[in-house]
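Inside the fold
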Amino acid sequence: MTQNRARTVFLLAHTGRAAAIRSAELVVKGLLRSGLGVRVLEEEARDLPLPDDVETVKEATPQCLDDCELLIVLGGDGTLLRGAEFARASGVPMLGVNLGSVGFLAEAERDDLEKVVDRVVSRAYEVEERMTVDVVVHRNGDIVHTDWALNEAAVQKVSAERMLEVVLEIDGRPVTGFGCDGIVCATPTGSTAYAFSAGGPVVWPEVEALLMVPISAHALFAKPLVTSPNSVLAVEVLPHVPPGVLWCDGRRTVELPRGRGWRCGGAVPVRLARLHHASFTDRLVAKFALPVSGWRGAPQ
């Protein structure tokens, strides 16, 4: 049904988790009680105990966020990346509540739900922009596929017994080539995800840069590279090796046959809603449980 409320919030949840269903029920009741409208996907509404005055939409398109002031996402990293697809296309800020294990994109944890509702109702949040990358796959000069990523675009080998043979390119100039299991092109947001697992550096979100991180490369010069956010990073899969596969944020994939390359560069940002000014350093220490005991504080 359609609502007639001045303010509407879209709710996206991982309804396959019992914790997400309970959290969604709490958030919806809190928002409705405060006079805000709530909109959800019809397929998710079937699994949620929702009041009759919650609006539902059939298709998961950017238009389903029309007239919404905020997108609240309840789930783990995968659900948050799914929410980012809505947020980027619509320009609506996304506020993530982590119900998974790490959740670097999330702004709150499941124990903070009441505070989340209060801050949304009072508009006590700020919005920051996170870099994304546009991804273009080409062959013989023709564009055959386009995509984008918030965390990373990564090419991986398909054949377990054969490596990929690639040549890396930065801003139209070749840098090096080698055999490897894959290459990750990441944003600062994605530096704590796949790129981190592959040995790349952690980059603070306010740093504008792009990362290129080899995966299990057989070469002397195969270190992670950090470039300008305006750079164009490219990977060419050489024609004499088995094909690869290109993944964007681990969600969308396309085959990368021999002789085909891909490039990426800065693109439309994703807008994230922030409830507090906690430093990324503190977030990093908490998420990875880093050992900081014995620290006495900065010299006075």
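Further up the page is the structure itself.
This text gives an overview of the structure that appears in the document. (Residues numbered from 1 in each chain as written. Predicted model: local features only at pLDDT ≥ 70, side-chain atom pairs only at ≥ 80, totals over all residues. Heavy atoms only, no water.)

A few words now on the nonpolar core. Membership of the largest hydrophobic core comes to 30 residues, with the highest contact counts inside it found for Leu 11, Leu 31, Ile 72, Leu 74 and Val 120. Of all the elements in the fold, those that place two or more residues in this core are strand 1 (8–13), helix 1 (18–33), strand 2 (37–41), strand 4 (70–75), strand 5 (94–98) and helix 4 (113–121). Per-element tally for this core: the top contributor is helix 1, with 6 residues. In contact with Leu 74, other than residues within four places in its own chain, are Leu 11, Leu 12, Ala 13, His 14, Ala 20, Ser 23, Ala 24, Thr 79, Val 97, Leu 99 and Leu 113. Judged by nonpolar contacts, the second largest core, of 28 residues, contains Ile 170, Ile 183, Cys 248 and Leu 256. (Core = buried A, V, L, I, M, F, W, Y, C linked by side-chain atoms within 4.5 Å. Buried < 20%, exposed > 50% of the residue type's maximum accessible area, 1.4 Å probe, protein only. Helix = DSSP H or I, 4+ residues; strand = E, 2+ residues; numbered from the N terminus. Contact = heavy atoms within 4.5 Å.)

This part is about the sheet that holds strand 14 (residues 210–215). Sheet architecture is open: 6 strands sit in the order 15-14-13-10-17-18, paired in antiparallel fashion. The sheet terminates laterally at strand 15 (225–227) and strand 18 (252–256), the two strands that pair on one side only. Taking each pair of neighbouring strands and ignoring which way they run, the sheet shows an average axis angle of 15°. Judged from the 5 bridges that link them, strand 10 (residues 152–157) and strand 17 (residues 244–248) form a sheet pairing that is antiparallel. Residue pairing for strand 17: Ala 153 is matched across the bridge by Cys 248. (Pairing = 2+ DSSP bridges. Axes fitted to C-alpha atoms, helices over the stretch in contact; angles between N-to-C directions.)

Before going further, it helps to examine the pattern of salt bridges. For the structure on display, the rule yields 16 salt bridges. Between Asp 181 and Lys 157 there is a salt bridge whose closest N-O contact spans 3.1 Å. On the criterion of sequence distance, the pair formed by Asp 181 in the loop between strand 12 (173–180) and strand 13 (182–186) and Lys 157 in strand 10 is long-range, its members being 24 residues apart. Judged by relative accessible area, which is 24%, Asp 181 ranks as partly exposed. (Salt bridge = Lys/Arg side-chain N within 4 Å of Asp/Glu carboxyl O.)

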